Amino acid sequence: MKMVIIMAIRYELIHECKQTKARYGILHTPHGSFETPIFMPVGTKATVKTLENSEIKEVSDGLILANTYHLWLEPGDEIIKMHNGIRGFSKWDGALLTDSGGFQVFSLSDIRKIKEEGVEFRHHKSGAKLFMSPEDSIRIQNNLGADIIMSFDECPPFNSTYEYMKDSVERTLRWAKRGKEAHKFPNTQALFGIVQGGPYKDLRKMCAEELIKMDFPGYSIGGLSVGESKTEMYEVLDELKSIMPKNKPRYLMGVGTPDDIIEGVIRGIDMFDCVNPTRLARHGSAMTSVGRISIKNKIFEKDLTPLDENCDCKICKTYTKSYLRHLFKAEEYLGPRLVSYHNLYFLKKLSKNIRNAIKNDNLGDFKEDFFSKYYK
RNA sequence: GGGCGGGUAGCGAAGUGGUUAAACGCAGCAGACUGUAACUCUGCUCCUUAGGGUUCGGCGGUUCAAAUCCGUCCCCUCCCA
């Protein structure tokens, strides 16, 4: 009798934009099927900061992130396992993706030591010495129970030397293999491989090809949007576009400005995530169809118009800029909440418009129109 | 009426002869933010035609030099009558 292998996820490529070759597809997961390209809000510590689940439902497409490193440290993955995973813990009933903690190796770079076995960290709060291996990361992600999980990778600075980057990529590949072997639930959790290599096209190509040989259900592109220029980032995506398998989802990690999402989609990306909309919101910046605005600016003191005239979210249908500015100046919690809601809605709407444009074979026109109004 | 302590930039508060247009905090104004150590971080905040100019309760002194020392006046806190 033939064994039927049930994969955790499946990607269906439905249509390629005739103007741009951008992909429209459907990502099937154990907790829902999602049209792509998709933007995924980030909920690092099992909460999309300031928002409640019902609101996240309204401003996302139903697929969000959480972070292995943070949840491992607090409250600990065992606690979350007691709830049968993040979904039982936070009561989020949509789909989930967890990052591996690999990015923290980079963002906490002044307190880490990278070894073949794994990474030595200092706890960012207590200073305690900690260690995480690829196997640890996968074990924790198994406990967290997301639908899509990430390989434990190293995300070196974009400007690392070729020699360092080559060593790092080779190690990341070995870690990917080890993680894959340690993964206990491949039929309910899809493990993605992560392409690294900085600006070096041959390393990017090599990394992607080696990962593809290992046959992951999806591929992430990491090590971008870490301070390099947009041109450099787009060149890497251009390089990878033709290498990535058509029947698997492609996830550009950590990217979430409107312009980068559009440019990414045109270069074949299906999935995005970014802290930008929620962090900007907490700092008083709103994403709008004409560009970013800082709601705390004095010019909005008596402005009775909504954040974005072209937005139909409930915040824009209800509140004036003057009120939102007041909330921020008065340091009221509602300010960050309302703008977080709006910013996420903005990207949800943008993703939807992008998908429609792909289906209509006019994403090129859409891009041109978008940028004619959008500044910065 | 007597005594003590005070009056410093929008507010609070350092400084007690020169390197002080004056620490620091707050408020204010602006900027940054891309797999979240992030309700965080960074600038600016007397005037200026950018060369300078005018400041530390007021006025007048001492001194090469004063927010800082002296005199005097005004105001405030507290204590005693």
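What counts and how
Within every chain, residues take consecutive numbers counted from 1 along the sequence as written. Chain letters start at A and ligand numbers start at 1, both assigned in the order the entries are written. Given that this is a predicted model, residues contribute local features only at a pLDDT of at least 70 and side-chain atom pairs are listed and counted only at 80 or more, while totals for whole chains, interfaces and linings are drawn from all residues. Heavy atoms from the whole structure form the basis of all side-chain values; hydrogens and water molecules are not counted. Here a salt bridge means any side-chain nitrogen of Lys or Arg lying within 4 Å of a carboxyl oxygen belonging to Asp or Glu. Elements are defined by DSSP. Helices are runs of H or I of four residues or more, strands are runs of E of two residues or more, and each kind is numbered from the N terminus. With a 1.4 Å probe rolled over the protein chains alone, any residue whose accessible area is under 20% of its type maximum counts as buried; one over 50% counts as exposed, and the rest are partly exposed. What is meant by a nonpolar core is a set of buried Ala, Val, Leu, Ile, Met, Phe, Trp, Tyr and Cys residues, joined one to another through side-chain atoms within 4.5 Å. Contacts between residues were defined by any pair of non-hydrogen atoms, one from each residue, lying within 4.5 Å. Between the first and last residue of a helix there are one fewer steps than residues, each counted as 1.5 Å, and that sum is the expected span. Taken from the helix axis, the directions to the C-beta atoms give the arc we talk about. DSSP-based pairing: two strands are paired if at least 2 bridges between them are found. Only the stretch in contact is used when fitting a helix axis, every axis being a line fitted to C-alpha atoms; angles between N-to-C directions are given from 0 to 180 degrees. Working definition: rings of Phe, Tyr and Trp (its six-membered ring) pair if their centres are within 6.5 Å, and the pair is stacked with planes under 30 degrees apart, edge-to-face with planes over 60 apart, and tilted otherwise. Comment on the angle field: the value is read as roughly parallel under 35 degrees, roughly antiparallel over 145, roughly perpendicular from 65 to 115, and oblique elsewhere. Note on convention: near helix rotated counterclockwise from far helix by under a right angle means a left-handed crossing. Clockwise means right-handed. Polarity classes work like this: nonpolar for Ala, Val, Leu, Ile, Met, Phe, Trp, Tyr, Cys and Pro, charged for Asp, Glu, Lys and Arg, and polar for all others, with Gly in that last group. The score called pLDDT rates the predictor's confidence residue by residue, from a low of 0 to a high of 100.

Trainee: Residue-level account of the pattern of salt bridges, with values.
Mentor: Side-chain pairs of opposite charge can arise whenever the charged atoms involved come near each other. Here the structure, examined in full by the defined rule, presents 30 salt bridges. Salt-bridge contacts for aspartate 270 lead to arginine 23; the nearest nitrogen and oxygen are separated by 3.0 Å. Of this pair, aspartate 270 sits in the loop between helix 10 (258-266) and strand 14 (271-274) while arginine 23 sits in strand 2 (residues 23-29), and the two are 247 residues apart along the sequence. Taken individually, aspartate 270 and arginine 23 each receive the classification buried, so the pair is uniform in this respect. The residue lysine 373 makes a salt bridge to aspartate 369 at a minimum N-O spacing of 2.9 Å.

Trainee: Outline the nonpolar core, listing residues and values.
Mentor: Core analysis: the largest hydrophobic core is formed by 96 residues, its most contacted members being Leu211, Leu252, Ile354 and Leu363. It is helix 14 (residues 334-359) that contributes the most residues to this core, 11 residues altogether. With sequence-adjacent residues up to four places away left out, leucine 211 is seen in contact with Leu173, Ala176, Gly193, Ile194, Val195, Phe216 and Tyr219. Grouped together as the second largest cluster of nonpolar side chains are 20 residues, Ile9, Ile38, Ala190 and Phe192 included.

Trainee: Any chance you could break down the pairing of strand 5 (residues 63-67) for me, citing the residues and the numbers?
Mentor: Most of strand 5 sits out of view: five of its five residues are buried. The side-chain alternation of strand 5 yields two buried faces, one formed by Leu63, Leu65 and Asn67 and the other by Ile64 and Ala66.

Trainee: Tell me about helix 8 (residues 201-214), and name the residues and values.
Mentor: Helix length check: helix 8 (14 residues) gives 20 Å between terminal C-alpha atoms against 20 Å at 1.5 Å per residue, within 8%. Within helix 8, the full set of buried residues consists of Leu203, Arg204, Cys207, Ala208, Leu211 and Met214. Considered in projection along helix 8, the buried side chains sweep an arc of 130 degrees and stay on one side of the axis.

Trainee: For the environment of tyrosine 69, give the residues involved together with the corresponding values.
Mentor: For tyrosine 69, the location among the structural elements is in helix 2 (residues 68-73). What makes tyrosine 69 buried here is its relative accessible area of 0%. Sequence separation of tyrosine 69 and threonine 98 is 29 residues, and the distance between their C-alpha atoms is 9.7 Å. Setting aside anything within four residues of it in sequence, one finds tyrosine 69 in contact with Gly101, Gln104, Leu108, Phe121, Arg122, His123, His124 and Met132.

Trainee: An account of helix 7 (residues 162-182) is needed here, citing residue identities and associated values.
Mentor: With 21 residues, helix 7 ought to run about 30 Å at 1.5 Å a step, and its terminal C-alpha atoms sit 30 Å apart, in line with that. Within helix 7, the full set of buried residues consists of Met165, Ser168, Val169, Arg171, Thr172, Leu173, Trp175, Ala176, Arg178 and Gly179. The elements touched by buried residues of helix 7 are strand 7 (112-114), strand 8 (119-122), helix 6 (134-144), strand 11 (190-195) and helix 8.

Trainee: Please set out the sheet that holds strand 3 (residues 32-36) residue by residue, giving values where relevant.
Mentor: Taken in spatial order, the three strands line up as 1-2-3 in an open sheet, and their pairing is antiparallel. The sheet is open, and its two edges are formed by strand 1 (10-16) and strand 3, each paired on a single side. Pairs of neighbouring strands in the sheet enclose a mean axial angle of 15 degrees, with direction left out of account. For strand 1 and strand 2, the ladder comprises six bridges, and the chain directions are antiparallel. Bridging across to strand 2, tyrosine 11 finds its partner in leucine 27. Sheet strands touched by helix 14: strand 1, strand 2 and strand 3. Its angle to strand 2, the strand with the most contacts, is close to 120 degrees.

Trainee: An account of the packing of aromatic side chains is requested, with residue identities and associated values reported.
Mentor: Counted by the stated rule, this structure contains eight aromatic pairs. Arranged with centres 5.0 Å apart and planes meeting at 25 degrees, the rings of phenylalanine 370 and tyrosine 374 form a pair that is stacked. Per residue, the accessibility class of phenylalanine 370 equals that of tyrosine 374, and both read buried. Cluster of aromatic residues (ring-pair linked, three or more members): Phe366, Phe370, Phe371 and Tyr374.

Trainee: Explain the pairing of strand 9 (residues 129-132) to me, using residue names and the numbers behind them.
Mentor: Alternating residues of strand 9 divide into Leu130 and Met132, all buried, and Lys129 and Phe131, none buried. Alignment of strand 8 against strand 9, held across four bridges, turns out to be antiparallel. Bridged to arginine 122 within strand 9 is lysine 129. Taken together, strand 8 and the strand that follows it, strand 9, pair antiparallel across an intervening segment of six residues, in which glycine 127 is found at a positive phi of about 85 degrees.

Trainee: Describe the packing of helix 10 against helix 14, with residues and values.
Mentor: Orientation of helix 10 relative to helix 14, taken along the N-to-C sense of each, is 25 degrees, at an axis distance of 11 Å. The pairing of helix 10 with helix 14 is recorded here as roughly parallel in orientation. Note that helix 10 runs across helix 14; the crossing there is right-handed. Of helix 14, the residues touching helix 10 (which contributes Pro258, Ile261, Ile262 and Val265) are Phe346, Leu347, Leu350, Ile354 and Ile358. Its residues assigned to classes, the contact of helix 10 with helix 14 comprises nine nonpolar, no polar and no charged.

Trainee: Give me the confidence of the model for chain A: which residues, what numbers.
Mentor: Put simply, chain A has an average pLDDT of 95, and 98% of its residues get 70 or more. This complex was scored by the predictor with a pTM of 0.94 and an ipTM of 0.92.

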